[in-house]
Amino acid sequence: MARLSGLSLIAMALAAGFAYGHVYGGLIDSGSPEETYGNLQSSALLFRYGIGAWGAIVLLDLLVAGSLHGFLREVHPRLSALTALIRVVYAFVLLAAVAHLVEALALVETAAPPAEVLLALQRFETVWSQGLILFGFHLLGLGYLTLRARFVPSYFGGLLLVAGSCYIGIHLARMVFSSHAESISMIETVASVPMALSEIGFAFWLLYRGVGRRFSQPVASLS
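Overview of the structure.

## A few points about the overall build of the protein
- A tally of helices and strands in the protein yields seven helices and zero strands.
- Its C-alpha radius of gyration of 19 Å places the protein within 12% of the 17 Å reference for a compact globule of 223 residues.
- Considering only C-alpha atoms, the protein reaches an extent of 60 × 35 × 25 Å along its principal axes.
- Per-residue burial over the protein gives 45% buried out of 223 residues.
- Across the protein, every contact between residues at least 6 apart in sequence was considered, and the portion connecting residues at least 24 apart equals 77%.
- By element, 67% of the accessible surface of the protein is carried by carbon and sulfur atoms, the whole surface being about 10,700 Å².
- Charged side chains in the protein number 12 positive and 12 negative. The centres of these two groups are separated by 25 Å.

## Here we look at the packing of helix H3 (residues 44-72) against helix H4 (residues 77-109)
- At a minimum axis separation of 8 Å, H3 and H4 run at an interaxial angle of 175°. Judged on the interaxial angle alone, H4 and H3 are roughly antiparallel.
- Among the residues forming the contact of H3 with H4, the class breakdown is 24 nonpolar, two polar and four charged.

## A word on the nonpolar core
- By size, the foremost hydrophobic cluster in this structure holds 66 residues, and its most contacted members are Phe47, Trp54, Leu101, Leu121 and Phe202.
- When contributions to this core are tallied by element, the ones reaching two or more residues are helix H1 (2-27), helix H2 (33-42), H3, H4, helix H5 (114-148), helix H6 (154-176) and helix H7 (181-214).
- Excluding residues that lie within four positions of it along the chain, Phe202 makes contacts with Leu68, Leu142, Thr146, Val152, Phe156, Leu160 and Leu197.

## Notes on the packing of aromatic side chains
- Applying the stated criterion across every chain, the model contains 16 aromatic pairs.
- Plain terms: the ring middles of Tyr90 and Phe135 are 5.2 Å apart, the flat faces sit at 45° to each other, and that makes the pair tilted. Of this pair, Tyr90 sits in helix H4 while Phe135 sits in helix H5, placing them 45 residues apart in sequence.
- The exposure class of Tyr90 is buried, given its relative accessible area of 6%.
- The exposure class assigned to Phe135 is buried, which follows from its relative accessible area of 5%.

## Details of H4
- Under the 1.5 Å per step criterion, the end-to-end length of H4 is 48 Å for 33 residues, consistent within 8% with the ideal 48 Å.
- With its phi angle positive at about 60°, Ala111 sits one or two positions after the end of H4.

## A look at the packing of H4 against H5
- Relative orientation of the contacting elements H4 and H5 amounts to 170°, with a least axis distance of 8 Å. By the angle class used here, H4 and H5 are roughly antiparallel. Both H4 and H5 take part in a crossing whose hand is left-handed.
- Residues that form the contact of H4 with H5 fall into these classes: 26 nonpolar, six polar and four charged.

## Description of the environment of Gly26
- For Gly26, the location among the structural elements is in helix H1.
- Separated by 21 residues in sequence, Gly26 and Phe47 have C-alpha atoms that sit 10.0 Å apart.

## Concerning a nonpolar patch on the surface
- Together, Leu172, Met175, Val176 and Phe177 make up an exposed nonpolar region whose accessible area comes to about 400 Å².
- Of note, Leu172 is situated in helix H6.

## Concerning the environment of Leu134
- Checked against the element boundaries, Leu134 lands in helix H5.
- With relative accessibility at 29%, the residue Leu134 sits in the partly exposed group.
- For the pair Leu134 and His171, spaced 37 residues apart in the sequence, the C-alpha separation amounts to 9.8 Å.
- Ignoring sequence-local partners within four residues, the contact set of Leu134 consists of Ile86, Val89, Tyr90 and Val93.

## Considering the pattern of salt bridges
- Applying the stated criterion across every chain yields a total of three salt bridges.
- Residue Asp61 is joined to Arg87 by a salt bridge in which the shortest nitrogen-to-oxygen separation is 2.8 Å. With Asp61 in helix H3 and Arg87 in helix H4, the pair connects residues that are 26 residues apart, well separated along the chain.
- A relative accessible area of 1% places Asp61 in the buried class.

What counts, and where the lines are drawn
- Here the residue index of a chain counts from 1 through its sequence in written order.
- With the structure being a predicted model, the display of local features is reserved for residues of pLDDT at least 70 and the display and counting of side-chain atom pairs for 80 or more, all residues being used for whole-chain, interface and lining totals.
- Excluded from the side-chain calculation are hydrogens and water; included are all heavy atoms of the structure.
- Every helix listed is a DSSP run of H or I at least four residues long, and every strand listed is a run of E at least two residues long, numbered separately from the N terminus.
- Here the globule rule is a power law, 2.2 Å times the number of residues to the power 0.38, and the radius of gyration is based on C-alpha atoms.
- The rule is simple: take the accessible area with a 1.4 Å probe, protein chains only, and divide by the maximum for that residue type; under 20% is buried, over 50% is exposed, in between is partly exposed.
- Any two residues whose heavy atoms approach within 4.5 Å are treated as being in contact.
- We get accessible surface area from the Shrake-Rupley algorithm with a probe of 1.4 Å; when it comes to residues, only the shown protein chains can shield them.
- In summary, the charge assignment counts Lys and Arg as positive and Asp and Glu as negative, without counting His or the chain termini.
- A single reference atom marks each charge: NZ on Lys, CZ on Arg, CG on Asp, CD on Glu.
- Structural elements are reduced to axes, namely lines fitted to C-alpha atoms, with helices fitted over the stretch in contact, and the angle between N-to-C directions of any two is expressed from 0 to 180 degrees.
- Note that the term roughly parallel is reserved for angles under 35 degrees, roughly antiparallel for angles over 145, roughly perpendicular for angles of 65 to 115, and oblique for everything else.
- Polar here means any residue other than Ala, Val, Leu, Ile, Met, Phe, Trp, Tyr, Cys and Pro, which are nonpolar, and Asp, Glu, Lys and Arg, which are charged; Gly is therefore polar.
- Nonpolar core, defined: a set of buried Ala, Val, Leu, Ile, Met, Phe, Trp, Tyr and Cys residues in which side-chain atoms within 4.5 Å join the residues together.
- Only the six-membered ring of Trp is used, alongside the rings of Phe and Tyr, when aromatic pairs are assigned; centres must lie within 6.5 Å, and planes under 30 degrees apart are stacked while those over 60 apart are edge-to-face, with the rest tilted.
- Take the residue count of a helix, subtract one, and multiply by 1.5 Å to get its expected span.
- The sense of a crossing depends on the near helix, which, turned anticlockwise from the far helix by less than a right angle, makes the crossing left-handed and, turned clockwise, makes it right-handed.
- Only residues above 30% relative accessible area that lack a salt bridge enter a patch, with like-charged residues linked at up to 9 Å and the nonpolar side chains Val, Leu, Ile, Met, Phe, Trp and Tyr linked at up to 5 Å.
- Note on definitions: salt bridges are taken to be side-chain nitrogens of Lys or Arg within 4 Å of carboxyl oxygens of Asp or Glu.

Structure (structure tokens):
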């Protein structure tokens, strides 16, 4: 379960780097509907590959939800199941967000106005941002479970709790203080360091050390 979780998390990070960092970040300019429209017209195949990568991320989220539950369930079965369920719900919210990427590409192919295409892309960002609040709660549950599990280094629990709080705070702020988007983006840039350290670091620990540590240390019971 540890190795499966680690491999899935690393694969997810690579897919996200391609789908969001390379494809979405390279083709979408929220300040220029015409340029975005032209980019999608000229790079439609690349955008389709990006949508495919988002689909892979959804499947990997479901896989990680199950494998992490299997890895941590004896720490506290009900909390582990709830934590997994939150990630499953988040995966379906992400799937709903990705549907708007499909919509945006369809609008380009039917020669809809650039403004309509940009609105579809903005709906993707809005739905995904709302889903990331759920993801933050998943990380809070995961952080608490790892703090209680003596077979996991405690600093991962702390990092996951910080990352979960950052996800919740940043994306709630995007909903409530939408007029301060630039300031929120600056805060997100700073917070991305512990967020990345917690998720990627935990993934590599699960891959290389998780299984061995899993069976060499006792479990701290919550009861």
